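# Close look at the chain arrangement
Here is how the chains run, residue by residue.
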Amino acid sequence: MSPNPCYIIEEDLLRKNLTLIKDVATRANVEIILAFKAFALWKTFPIFREYISHTTASSPNEARLAYEEFGSYAHSYSPAYTEENFPEFMRCSSHITFNSFSQFERFCPETLKADHEISCGIRVNPEYSEIETALYNPCAPGSRFGVTADQLELSIINSPLSINLRGFHCHCHCEDDSYTLERTLAHLEEKFGKWLPQLEWLNLGGGHLMTRKDYDTEHLIRVLNGLHERYPNLHIILEPGSAFAWQTGPLVSKVIDIVENHGIRTAILNVSFACHMPDCLEMPYQPAVRGAKAINKEEEEAPVAEKATTVPDDSSSGVQSFRYRLGGNSCLSGDFIGSWLFDHDLQIGEDIIFEDMIHYTTVKTHMFNGISHPAIAMKHRDGSLEILREFDYEDYKNRMD
């Protein structure tokens, strides 16, 4: 029996994703590497190393994790390096991308002093993105990310250090498909194409959700092979995060109380949306709950006067459904998400299982209100469950040191 609450990674599902990613990388002659910002459970790295060779980092801690636990130098990018943290980035990185030309001029010369080769790049902003959620759009007007084409033109002309520029990094996707990438490349090449023949590598960032069921991987391979034909000099890199851990396991929680106010019943869980599933509040989005149907916003805003409501099923026959809001166990008033229809009255002690809760959750959990992280477990192919980590008071206390 696993602890509750608990994130459970299913090895079979993880390997299925890794197999697909490796196949795309081989057939498209590109390098696909793991972005730690979406998934960084280092105890699973032995599995990852069977399929990929490198990872990405955006902080000294991530870079060190890549070097010491994944066993290879990181591809690093940070919005801004400092005199204090850049030596650690250098120690642990093979590629370092700079967000601005001022950072490039300040720190790129330092990489020449490293005891191993470091390839320097610049993040470019094609001023194009199809991301609809502003919070996640790195190419919105006024964005702090990347150098625009007109800025790059002036910088390269005026900087004698531009001879050390080896690559471009472009990130402007979020759980997008290959057709979005194709349109993005058209904008990227229009604005930056004249420099691409002079470079060694092009990093197309993350957000390529190639393991999603409806993703057209064959089209992705054609797009990437077409890019090779146009720029045979470039080593192409993709660094998705979600694609690796997409639908690889749930977060298992439990109902610990049921309360009612103005006709709205809330099942209070032993997990917190604020602490353990923050994207649900930031995006926001409603995750899938096993055995339940999400209610849309219009239906949710309608008052509920009775404990049970009858709703039609797909065949228009009446079925009895029970409506609940799901609430977290922190003191934040907004620590709840959506409303759901269950086919039975929920009971205290009953499991509530949130599907697809491995990517962007385990890396973003925090201990607001002193609430502990859920345990982390791996379900192996033989069905056995290995507890990778459990958390206690000392974990919370040590954060306050």
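Everything discussed here concerns the structure shown above.
Residues numbered from 1 in each chain as written. Predicted model: local features only at pLDDT ≥ 70, side-chain atom pairs only at ≥ 80, totals over all residues. Heavy atoms only, no water.

## Some thoughts on the overall build of the protein chain
Which entries qualify depends on this criterion: The secondary structure listing takes helices from DSSP runs of H or I that are at least 4 residues long and strands from runs of E that are at least 2 residues long, numbered from the N terminus. Here the radius of gyration uses the C-alpha set of atoms, whereas the globule reference equals 2.2 Å times the residue count to the power 0.38. Think of it in three bands: with a 1.4 Å probe and only protein chains considered, a residue is buried below 20% of the maximum accessible area for its type, exposed above 50%, and partly exposed in between.
When you go through the protein chain residue by residue, the secondary structure sums to 13 helices and 19 strands. For the protein chain, whose C-alpha radius of gyration is 23 Å, the value lies close to the compact-globule estimate of 21 Å for 401 residues. With the principal axes as the frame, the protein chain shows a C-alpha extent of 75 × 50 × 45 Å. Within the span of the protein chain, comprising 401 residues, buried residues form 52% of the whole.

## Description of unusual backbone geometry
Cis geometry marks the peptide bond from asparagine 4 to proline 5; its omega dihedral reads 5°. Mapping proline 5 onto the fold places it in the segment before strand E1 (6-10). We note that asparagine 29 has phi near 55°; this positive angle belongs to a residue other than glycine. Among the structural elements, asparagine 29 can be located in the loop between helix H1 (11-28) and strand E2 (31-32). Of note, histidine 262 is a non-glycine position whose phi angle comes to about 50°, a positive value. Note on histidine 262: relative accessible area 75%, which makes it exposed.

## Remarks on the sheet that holds strand E6 (residues 93-98)
Our working rule: The criterion for strand pairing is that DSSP finds at least two bridges linking the strands in question. Contacts are assigned to residue pairs that have any heavy atoms within 4.5 Å of one another. Every axis corresponds to a line fitted to the C-alpha atoms, with the helix fit spanning only the stretch in contact, and the corresponding angles, defined between N-to-C directions, vary from 0 to 180 degrees.
Strand order across the open sheet formed by nine strands is E2-E10-E9-E8-E7-E6-E5-E4-E3, with parallel pairing between neighbours. The outermost strands of the open sheet, each flanked by one partner alone, are E2 and strand E3 (34-35). Direction of pairing for E3 relative to strand E4 (residues 55-57): parallel, over a ladder of two bridges. Paired with alanine 35 across the bridge in E4 is threonine 56. Helix H3 (residues 60-70) rests against E4, strand E5 (74-78) and E6 of the sheet, and its axis sits at about 150° to E4.

## Details of the nonpolar core
Side chains of nonpolar character tend, in soluble globular proteins, to be buried together. Short version of the rule: Put simply, a nonpolar core is a bunch of buried Ala, Val, Leu, Ile, Met, Phe, Trp, Tyr and Cys residues held in one set by side-chain atoms that sit within 4.5 Å of each other.
Among the nonpolar cores identified, the biggest contains 97 residues, and Phe98, Ile122, Phe168, Leu204, Leu326 and Phe354 are the most heavily contacted of them. The greatest single-element share of this core, amounting to six residues, is contributed by H1. If we skip the residues at most four places from it in the chain, phenylalanine 168 touches Ile122, Val124, Leu152, Phe192, Trp195, Leu196, Leu199, Trp201, Leu202 and Asn203. Cys6, Ile8, Val252 and Ile353 belong to the second-largest nonpolar core, a separate cluster that totals six residues.

## Some points on the state of the cysteines
Cut-off, in case you're wondering: Two cysteine sulfurs form a disulfide in these notes if their separation is within 2.5 Å.
Enumeration according to the criterion identifies zero disulfides in this entry. Free of any disulfide, cysteine 170 has its nearest neighbouring cysteine sulfur in cysteine 172, separated by 3.9 Å. Judged by its relative accessible area of 3%, cysteine 170 is buried.

## Description of the environment of asparagine 369
Stated formally: Residues adjacent in sequence count toward polar contacts only when both atoms are side-chain atoms; beyond that, a polar contact is any pair of N or O atoms within 3.5 Å, and within protein one must be able to donate a hydrogen and the other to accept it.
Mapped onto the secondary structure, asparagine 369 falls in the loop between strand E17 (351-354) and strand E18 (375-379). Residue class for asparagine 369 comes out partly exposed when judged on its relative accessible area of 41%. Counting along the chain gives 94 residues from asparagine 369 to cysteine 275, while the straight-line C-alpha distance between them is 8.8 Å. For asparagine 369, the residues in contact, after removing those within four places along its chain, are Ser330 and Cys331. Of note is the side chain of asparagine 369, whose polar atom sits 2.7 Å from the backbone nitrogen of cysteine 331.

## As for the packing of H1 against helix H8 (residues 217-230)
Two numbers describe a pair of packed helices, the interaxial angle and the distance between the axes. We count it as follows: If you view the pair so one helix is near and one far, a crossing is left-handed when the near helix is turned anticlockwise from the far one by less than a right angle, and right-handed when it is turned clockwise. In this classification, the charged set is Asp, Glu, Lys and Arg, the nonpolar set is Ala, Val, Leu, Ile, Met, Phe, Trp, Tyr, Cys and Pro, and all remaining amino acids, among them Gly, are polar.
Closest axis-to-axis distance for the H1/H8 pair is 9 Å, and the angle between their directions is 35°. In the crossing of H1 with H8, the sense of the turn from one axis to the other is right-handed. Contact with H1, carried on its side by Leu20, Val24, Arg27 and Ala28, involves Thr217, Glu218, Leu220, Ile221, Leu224, Asn225 and His228 of H8 and no other residues of that element. Here the residues of the contact of H1 with H8 are counted per class, giving six nonpolar, three polar and two charged.

## Side note on the packing of aromatic side chains
We apply this condition: What counts as a ring pair is set by centres within 6.5 Å for rings of Phe, Tyr and Trp (its six-membered ring), and what kind of pair is set by the plane angle: stacked under 30 degrees, edge-to-face over 60, tilted for all other angles. Lysine and arginine charges are scored as sitting over a ring when NZ or CZ, respectively, is within 6 Å of the ring centre and within 35 degrees of the ring normal.
Overall, the coordinates contain 17 aromatic pairs when judged by the stated rule. When the ring of tyrosine 81 is compared with that of phenylalanine 89, the centres are 4.8 Å apart and the planes differ by 90°; the resulting orientation is edge-to-face. When its relative accessible area of 2% is taken as the criterion, tyrosine 81 is described as buried. With a relative accessible area of 0%, phenylalanine 89 lands in the buried category. Seen in terms of ring centroids, tyrosine 324 and phenylalanine 342 are 6.0 Å apart; in terms of plane orientation they differ by 75°. Their pairing is edge-to-face. Here phenylalanine 342 lies in strand E16 (residues 336-342) and tyrosine 324 lies in strand E15 (residues 318-327), a separation of 18 residues in the sequence. Ring pairs connect the aromatic residues Tyr81, Phe86, Phe89, Phe98, Phe101, Phe104 and Phe107, which therefore count as one cluster. Directly above the ring of phenylalanine 70 sits arginine 49, whose terminal nitrogen or CZ lies 6.0 Å from the centroid. Cation over ring: arginine 265 sits above tyrosine 324, and NZ or CZ is 4.1 Å from the ring centre.

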